[in-house]
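Residue-level structure breakdown
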Amino acid sequence: MEKNPEKVWDACLNYIKDNITPQNFKTWFLPIRPLKLRDNVLTIQVPSKFFYEWLEEHYLPLIRSAITRELGENAKLVYSIIMENTYGNQNPASINLPSNQRGPVKEQKVNIPAEISAHGVKNPFVIPGLRKVHVDSQLNPNYNFDNYIEGDFNRLARSAGFAVAKKPGGTSFNPLLIYGATGLGKTHLANAIGIEIKENYPDKTVLYVRCDTFAQQFYESTRNNSTNDFVHFYRMIDVLIIDDIHNLAGKIKTQDVFFEIFNHLHQNNKQIILTSDRSPVDLQGIEQRLLSRFKWGLSADLQMPDLESRIAILESKLYKDGIEMPRDVIEYLAYSINTNIRELEGALISLLAQASLNKKQITIDLARQMIDKFVKNITRELSIDYIQKVVCDYFDLPIDVMKSKTRKREVVQARQLSMYFAKMLTKNSLASIGAQCGNKDHATVLHACKTVANLMDTDKKFKGYVEDLKKKLTLNN
């Protein structure tokens, strides 16, 4: 009897899940779909060549062990990779690649559209015999991988960036587009990749440039009749990093010249790294042909850092500067500033400046005064993390205990109060509140809020808890 590919792969997933972290399982294995099983050859579908390369490089022994357990020693694995509809094909193509292949996927040969090949006319910007000149990379040495804190909020982007730094232009994530809101570390990561490439490949020409600077250079070249020199210069770059590519919006002529440069670099396996404040599908005012090329590689997002990551970021900065600070003050800053990394570091600098200039000891009270001034003109919403911190401190409970499944009365009450105040003082959905309070569903959050309201009417001591906590939360905000 022929085995069912879905059941075989589900059994493999159960084995794999027990041997890696939940985050890595969710990122790298949940998107996979089993397609067919024939003669002990299991074919699975992965979203891109990037997935294929990553699985083969990082998880091949684990995957091989899983399918061997299910199909025996003669088991084989084949990947079916969906190729994007890049050149206007009606249906996206797919390629099958066997497992156990060493090294990254070899780049596929593609037909160049007529608009790129210029109908076979030799490129006028290529100057025969021109020697490569030294180019200042414009990279910021302070933005490197050593001080780039990794967390769940940036793990995919950081991992992809490090892989690019190992083999620029030689992976399927070209271009690498890093996107996210302001202050989440896009510029830092882009510079870190460039610095790592320079260390690994000293002979490669790496250039970091802001999109506005690129546009201004192009305008100057058109005014000085030196556009050919401008284009040729950028075609010589081995690794081009353009920050804030969303600023190309509306600049049609600049988009045209960047389109030409992009095509030349990509066809010659030169690495392109872009940053944007939004994903490619949300970019407005940029031509579709450019947006299509942005999707050729990998688009990796940077999310808001969680509490642990915010604490790690502060501790890293303090360690680098040789400064010691009480742990409770660090935690207070991390709880209070949850907008972005830039504001978090700005709050730390402001606190250090106040303590130094006024010759005051760094305490929670000084941090509270600074936070009040720092966010005076900002509409600040309490975070669920901070509410949980205040509630747990009030009842002298560790946060991990409050988030656990224990049904002890005092723990349940703390959990319910956290949900109650999160609903009252934040704009988070019930589902989001429940997820951050021990992976509860929205019905549990509603029940918690009703329970708190009922206890306030019937239990004076409990009502006192609520009033005390409300004062602490609203006063500090």
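Residues numbered from 1 in each chain as written. Predicted model: local features only at pLDDT ≥ 70, side-chain atom pairs only at ≥ 80, totals over all residues. Heavy atoms only, no water.

An unreviewed UniProt entry lists the protein under the name Chromosomal replication initiator protein DnaA, with Thermaurantimonas aggregans as the source organism. Quoted straight from UniProt, the Subunit (unreviewed entry) entry for the protein says "Oligomerizes as a right-handed, spiral filament on DNA at oriC." The annotation that UniProt attaches to the protein under Subcellular location (unreviewed entry) is "Cytoplasm". (UniProt positions renumbered as here; feature names shortened; annotations may be inferred.)

Here we come to helix α10 (residues 252–267). The terminal C-alpha atoms of α10, which comprises 16 residues, lie 22 Å apart, in line with the 22 Å expected from a rise of 1.5 Å per residue. Taken together, the buried positions of α10 are occupied by T254, Q255, V257, F258, F259, I261, F262, N263 and L265. Just beyond α10, the residue with positive phi is N269, at close to 55 degrees. (Helix = DSSP H or I, 4+ residues; strand = E, 2+ residues; numbered from the N terminus. Expected span 1.5 Å × (residues − 1). Buried < 20%, exposed > 50% of the residue type's maximum accessible area, 1.4 Å probe, protein only.)

To continue, consider the sheet that holds strand β5 (residues 176–180). Read across the open sheet, the 5 strands follow the order β6-β7-β8-β5-β9; overall the sheet is parallel. A single partner strand is all that each edge strand has here, and the edge strands are β6 (206–210) and β9 (298–302). With strand direction ignored, the average angle separating the axes of adjacent strands in the sheet is 15 degrees. Both β6 and strand β7 (residues 239–243) contribute to a ladder of 5 bridges, which runs parallel. Following the sheet pairing, Y208 is matched in β7 by I241. Docked against the sheet, helix α6 (residues 155–166) engages β5, β8 (271–276) and β9, running at close to 135 degrees with respect to β9. (Pairing = 2+ DSSP bridges. Axes fitted to C-alpha atoms, helices over the stretch in contact; angles between N-to-C directions. Contact = heavy atoms within 4.5 Å.)

The next point concerns the packing of aromatic side chains. One pass over the full model with this rule turns up 20 aromatic pairs. On the numbers, 6.1 Å between centres and 45 degrees between planes, the contact of F218 with Y219 is tilted. Judged by relative accessible area, which is 6%, F218 ranks as buried. The exposure class of Y219 is partly exposed, given its relative accessible area of 37%. Site record: aromatic cluster; members linked through ring pairs are F214, F218, Y219, F230, F233, Y234, F258, F262, F294 and W296. The lysine or arginine in question, K204, covers the ring of Y201, its NZ or CZ lying 5.6 Å from the ring centre. Cation over ring: R289 sits above F259, and NZ or CZ is 3.9 Å from the ring centre. (Phe/Tyr/Trp six-rings, centres within 6.5 Å; stacked < 30°, edge-to-face > 60°. Lys NZ or Arg CZ within 6 Å of the ring centre and 35° of its normal.)

Moving on: helix α12 (residues 307–321). Taking 1.5 Å as the rise per residue, α12 with 15 residues should run 21 Å; its terminal C-alpha atoms sit 22 Å apart, in good agreement. Buried residues along α12 sit against α13 (327–336), α14 (341–357) and α16 (384–395). Positive phi appears at G322, one or two residues downstream of α12, with a value of about 70 degrees.

Turning our attention to the UniProt feature "binding site: ATP" (unreviewed entry) in the protein. Here, the residues flagged by UniProt with the feature "binding site: ATP" (unreviewed entry) are G183, G185, K186 and T187. Ignoring any residue separated from it by four or fewer positions in sequence, one finds G183 in contact with N340, I341 and R342. Within the fold, G185 resides in the loop between β5 and α7 (186–200). The residues touching G185, leaving out its near neighbours within four places in the chain, are Y148 and L302.

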